[in-house]
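# Structural description and commentary
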Amino acid sequence: MRLIFAGTPEFARVALAQLQSAGFEIALVLTQPDRPAGRGLKLQPSAVKQQALAHGLALAQPRSLRLDGRYPEDALAARAAIEAAQADAMVVAAYGLLLPQWVLDAMGGQRPAAPPRWGCLNIHASLLPRWRGAAPIHRAIEAGDAHTGITIMQMDAGLDTGAILLARALPVEPADSTASLHDKLALLGGHLIVQALQQLPAGTLLAVPQPLDGVTYAQKVDKQEAWIDWALPAPQIVRRIQAFNPAPGASSSLQGEALKIWQAQVLPGVPPAGLPLGSILAAGHAGIEVVAMNSIVNITQLQRPGGKRLAAAEFLRGFALAPGAAFDAAFGAGGAA
């Protein structure tokens, strides 16, 4: 089977690598243009582009696929490349560009004297219809979901509304961050898309419409969300810390410095009455204990601006806490921005 693959980050690269290992012919790779990154803001290729270049795959990086958009020349060139690829299906994984109707039409339907096309198949990191949208892994952790998973979806013109071909659940472990859950879902996504493509020609997969109940939307994470509000209960704060690891990273201001909080846990018990939210109860080898709403958060890994991630004990060797020290209660307090 000849495939077009559209994807950009590491999540997509894992799927592309598994498709190659399974013997599928990759006729064309679509990925987003190189983006500035790092301290020097040098242009960096996406993970998918690096995979494509390493294996000599045909590559296109349109800025848009909209024929009526800002970059019609890019869209026209992409359309020519897609038509020339003569692929049997397109696999889409975290591509980052919307597929306009002409792409869906180009990959669907019958071809004279050729096998049918199987359309555009999306690898989505949730159990649809829960967590449609841009940040399904973040939102599943933030919401405290016990399970998430991968859905292989037959794409249509809606936002993650297409029929389900395959789905597989995966437990969300208590210690999972977006980083750890991402890696597990990436492997599962690659496995499931290979399975789906192997079964399609045999007619053993049924496209099942998504349920109308249970639809939720995983909005893109805004950086301001990652500022810790100590007025929330400790379990919710800890889930947010895990959800925003590795990006954008949960933050809070302490003694005039905006610190990244990477790991924390809920401690049993309640803080003494009358202490302001964000107050530090204790700080030592086991962590930094902070007052939240009727609960206590124990920070075990954090980072100063420009520094490295450090365990709390190591962090405290280079950061002297003033008597009565407290984290700012919410975003914007104490000059943090």
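Just so it is clear, the structure is predicted and the values come from calculations on it, not from any experiment.

This part is about the environment of Leu 43. Following the sequence through the fold, Leu 43 ends up in strand β4 (residues 42-44). Given a relative accessible area of 58%, Leu 43 falls into the exposed group. Measuring from C-alpha to C-alpha, the distance between Leu 43 and Glu 73 comes to 22 Å, with 30 residues separating the pair along the chain. The contact partners of Leu 43, leaving out residues within four places of it in the chain, are Asp 34, Arg 35 and Pro 36.

The geometry of helix α5 (residues 136-143) relative to helix α7 (residues 234-243) is characterised by a closest axis approach of 8 Å and an angle of 160° between their N-to-C directions. Between α5 and α7, the angle is such that the two are roughly antiparallel. Seen along the crossing, α5 lies across α7 with a hand that is right-handed. Contacts between α5 and α7 involve His 138, Ile 141, Glu 142 and Ala 143 from the first element and Arg 239, Arg 240, Gln 242 and Ala 243 from the second.

Okay, the pattern of salt bridges next. Counted by the stated rule, this structure contains 12 salt bridges. Of the charged contacts, one joins Asp 74 and Arg 63 as a salt bridge, the two residues approaching to 2.9 Å between their closest N and O atoms. Here the residue Asp 74 occupies a position in helix α3 (residues 72-85), and Arg 63 occupies one in the loop between β5 (59-60) and α3, the gap between them amounting to 11 residues. Given the relative accessible area of 40%, Arg 63 is considered partly exposed. Counted as one network, the salt bridges with shared partners bring together Arg 139, Glu 142, Glu 225 and Arg 240.

Parameters and conventions
- Residues numbered from 1 in each chain as written.
- Predicted model: local features only at pLDDT ≥ 70, side-chain atom pairs only at ≥ 80, totals over all residues.
- Heavy atoms only, no water.
- Helix = DSSP H or I, 4+ residues; strand = E, 2+ residues; numbered from the N terminus.
- Buried < 20%, exposed > 50% of the residue type's maximum accessible area, 1.4 Å probe, protein only.
- Contact = heavy atoms within 4.5 Å.
- Axes fitted to C-alpha atoms, helices over the stretch in contact; angles between N-to-C directions.
- Parallel < 35°, antiparallel > 145°, perpendicular 65-115°, else oblique.
- Left-handed = near helix turned anticlockwise from the far one by under 90°.
- Salt bridge = Lys/Arg side-chain N within 4 Å of Asp/Glu carboxyl O.

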